[in-house]
Amino acid sequence: MSSSPEHTPRPPLPEIRGHGLHLRAWDPESRADVEVWLRGLTDPEFERWNTPFRPITDAGSARESLRRGARRDTEGTAASFRIADLGTGTVLGHIGVNEIHRVMRRGMIGYWVLPEARGRGVATRALLLTAHWAFTELGLHRLELDHAVGHQASCRVAERCGFRHEGTLRGAIFAAGRRDAFRDAHLHARLAPDPYPAHPTSP
């Protein structure tokens, strides 16, 4: 029996360089990657705006989370990248294309940046790189991005990268620190034929 196009195994993720950044796949067996992943997902500012589907509280749960992500990468339903500085190799954060729908050529993009890397345009530059790759290499037509209402920094990143605000999704994401309550989210999206942002990398 042939594989469904939605679950056809994909080749390893590429390494992407540009805008002063280096994107590569996370390594679940790397202690350094696990430590960064844990630190990013337990950062108070991250937790203010995001609630993972499963709790990430220690190195074990962080490693298992990365392993699940690696399996999704292999299945072709997601693509998760570690963001690092191109010159120094210092890890700065994460960006990923999730819920990839091959038939509809659509995906959902998300990102976070470590505290010490904020205010330097890291998310903007990473989003530009990843969106370009998703449109040109994955052949996606539409990329969606949502964030909790009130998260102005994420809103600015989305709009700076050409992701238009399309509306408010009622009760679309978990409330902060809860999985039994919900809050509204802003939906942004960019299409492959949309014009490239004029000055996208300005912080």
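Above this note sits the structure.
The rules behind these values
Residues numbered from 1 in each chain as written. Predicted model: local features only at pLDDT ≥ 70, side-chain atom pairs only at ≥ 80, totals over all residues. Heavy atoms only, no water. Helix = DSSP H or I, 4+ residues; strand = E, 2+ residues; numbered from the N terminus. Buried < 20%, exposed > 50% of the residue type's maximum accessible area, 1.4 Å probe, protein only. Contact = heavy atoms within 4.5 Å. Phe/Tyr/Trp six-rings, centres within 6.5 Å; stacked < 30°, edge-to-face > 60°. Core = buried A, V, L, I, M, F, W, Y, C linked by side-chain atoms within 4.5 Å. Polar contact = N/O pair within 3.5 Å; in protein donor to acceptor, adjacent residues only side chain to side chain. Expected span 1.5 Å × (residues − 1). Arc of directions from axis to C-beta.

A. Quick peek at the environment of Ala153. With respect to the secondary-structure elements, Ala153 resides in helix α5 (residues 152-160). Once the C-alpha coordinates of Ala153 and Gly119 are considered, the two residues, 34 residues apart in sequence, prove to be 9.5 Å apart.

B. Main features of the environment of Thr168. Tracing the sequence through the fold places Thr168 in strand β7 (residues 164-174). A residue is classified by how much of its surface remains accessible, and Thr168, at 44% relative accessible area, is partly exposed. C-alpha separation for the pair Thr168 and Arg190, spaced 22 residues apart in sequence, amounts to 16 Å. Setting aside its immediate chain neighbours within four residues, Thr168 contacts Val149, Asp184, Ala185 and His186.

C. Broad picture of the packing of aromatic side chains. If you walk through the whole model with that rule in mind, you get 7 aromatic pairs. Taken together, a centroid distance of 5.8 Å and an interplanar angle of 55° make the contact between Trp37 and Trp112 tilted. Note that Trp37 is positioned in helix α1 (residues 31-41) and Trp112 in strand β5 (residues 106-113), a separation of 75 residues in sequence. Taken as a pair, Trp37 and Trp112 share a single burial class, namely buried. Residues Phe81 and Trp133 carry aromatic rings whose centres are separated by 5.2 Å and whose planes lie at 90° to one another, so their mutual orientation is edge-to-face. Residue Phe81 is found in strand β3 (residues 79-85), and its partner Trp133 is found in helix α4 (residues 122-136); the two are separated by 52 residues along the sequence. Here the two residues Phe81 and Trp133 agree in accessibility, since each one is buried. Every member of this aromatic cluster is reached through a ring pair, and the members are Trp26, Trp37, Phe46 and Trp112.

D. Summary view of the nonpolar core. Counting residues in hydrophobic clusters, the biggest one holds 33 residues, and the most contacted among them are Phe81, Ile83, Ile95, Leu127, Trp133, Leu143 and Phe163. Those elements giving two or more residues to this core turn out to be β2 (21-25), β3, β4 (91-101), β5, α4, β6 (142-148) and α5. Val34, Leu41, Leu66 and Trp112 belong to the second-largest nonpolar core, a separate cluster that totals 13 residues.

E. Molecular detail of the side chain of Ser30. The residue Ser30 is located in the loop between β2 and α1 in this model. Among the residues examined, Ser30 registers a relative accessible area of 19% and is labelled buried. A distance of 3.1 Å separates the side chain of Ser30 from the backbone nitrogen of Asp33, its partner in a polar contact.

F. The environment of Ser61, seen in detail. Given a relative accessible area of 17%, Ser61 falls into the buried group. Once residues lying within four places of it in the same chain are set aside, the contact partners of Ser61 are Pro55 and Ile56.

G. Spatial organisation of helix α3 (residues 59-75). Here α3 is 17 residues long and its end C-alpha atoms lie 24 Å apart, about the 24 Å a rise of 1.5 Å per residue gives. Among all positions of α3, only Ser61, Ala62, Ser65, Leu66, Arg68, Gly69 and Asp73 are buried. End-on view of α3: buried residues confined to an arc of 155°, all on one side of the axis. Looking at the buried positions of α3, the neighbouring elements they touch are α1 and β3. Within two residues after α3, Gly76 carries a phi angle of roughly 85°, on the positive side.

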